[in-house]
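Structural overview for review
Letter by letter, the chains look like this.
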Amino acid sequence: MSMLTPQGLKGKQYRVTGNSYPRLGRPPKKSRKVIAALAGLLALALIALGGLQLYDIFTGRNKNSSAQACATASGKPLAAPTPGATPGSPAASGAPAGQGDPHAVPQPAAVTVNIYNATTKAGLAGRTAEEFKKRGFTIGKVGNAPAELDKKVPGTAQVIAGPAGAGAGTLVGSQIAGAAVTADARTDASVDFVIGDSYNALLDETQAAAALALATKPSPTPTTTGSC
């Protein structure tokens, strides 16, 4: 026979005999109320969270959030490329090169082309100028290439234009296969066509139109598959 003071018996001593043990009391009512209140708050929080997720799904808010996340990661939203104008389009019809968007491809008549011969073949600049004239281009200077380019153009041709003639340079460059199109600091919209060692002839007009369409074709818009 021994004397024990089990937890929850409030300091009272009980005598334990045989197989009979004292019955422990229930936890205080205050503790039960606190536990019940916490359980209730947890249940309400779970219900509110589930409702918010359903709202996001049905309103498409998650999609907008993903787009905003991509914009934040890259610094700005991705923009679709602007297609270049081709001869005869509203952006180019009747507008002289150098006015409006310098990257828009103008009509041939609005482009002044200077033809220079950088080879040893005599008369090549004059014959090439006639071909450009037949296609509607305005012909500027015709003659031998300047010293810095004379006999220094190994390809078919070198096309040179300034910032104001970017679209005009694209149009002229499409008239010949393998042309190198470069930029200089000129302020007008004229274009230099410098004949190189590999030059034989201009593309025919059908081939030139196809080359221009390819040169002005916009890049495909990148698609997203759930990631930025």
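Residues numbered from 1 in each chain as written. Predicted model: local features only at pLDDT ≥ 70, side-chain atom pairs only at ≥ 80, totals over all residues. Heavy atoms only, no water.

Focus: the sheet that holds strand β4 (residues 138-144)
The condition that has to hold: The pairing criterion for strands is at least two bridges between them, as found by DSSP. Only DSSP runs of H or I covering at least 4 residues are called helices, and only runs of E covering at least 2 are called strands; the numbering of each starts at the N terminus. Interaxial angles span 0 to 180 degrees and are taken between N-to-C directions of axes, which are lines fitted to C-alpha atoms, for helices over the stretch in contact.
Strands sit in the order β4-β3-β7-β5-β6 across an open sheet of 5 strands; the sheet is mixed. Of all the strands in the sheet, the pair left with one neighbour each is β4 and β6 (180-183). In this sheet, neighbouring strand axes are inclined to one another by 20° on average, regardless of whether the strands run parallel or antiparallel.

Things to note about helix α3 (residues 124-134)
Definition in use: Burial classes follow relative accessibility: with a 1.4 Å probe on protein chains only, a residue under 20% of its type's maximum area counts as buried, one over 50% as exposed, and anything between as partly exposed. Note that the arc is defined by the directions from the helix axis to the C-beta atoms. By definition, residues are in contact when any of their heavy atoms lie within 4.5 Å.
Among all positions in α3, only Leu 124, Ala 125, Thr 128, Ala 129 and Phe 132 are buried. Down the axis, α3 shows its buried residues gathered within 130° of arc, on one side only. Those residues of α3 that are exposed and angled more than 90 degrees off the buried face are Lys 133 and Lys 134. At its buried positions, α3 is contacted by β3 (112-117), β4, α4 (166-173) and β7 (191-195). Immediately downstream of α3, the backbone of Gly 136 shows phi near 95°, a positive value.

Focus on the nonpolar core
Heads up, the condition is: We define a nonpolar core as any set of buried Ala, Val, Leu, Ile, Met, Phe, Trp, Tyr and Cys residues linked to one another through side-chain atoms lying within 4.5 Å.
Ranked by internal contacts, the top residues of the largest apolar core, which has 22 residues, are Val 111, Ile 115, Val 172 and Phe 193. If one sorts the elements of this core by residue count, α3 sits on top with 4 residues. For Ile 115, the contacting residues outside a window of four places in its chain are Ala 125, Thr 128, Ala 129, Phe 132, Lys 141, Val 142, Gly 143, Phe 193 and Ile 195. Judged by nonpolar contacts, the second largest core, of 7 residues, contains Ala 118, Ala 145, Ile 160 and Val 194.

Any link to function would need more than the numbers given here.
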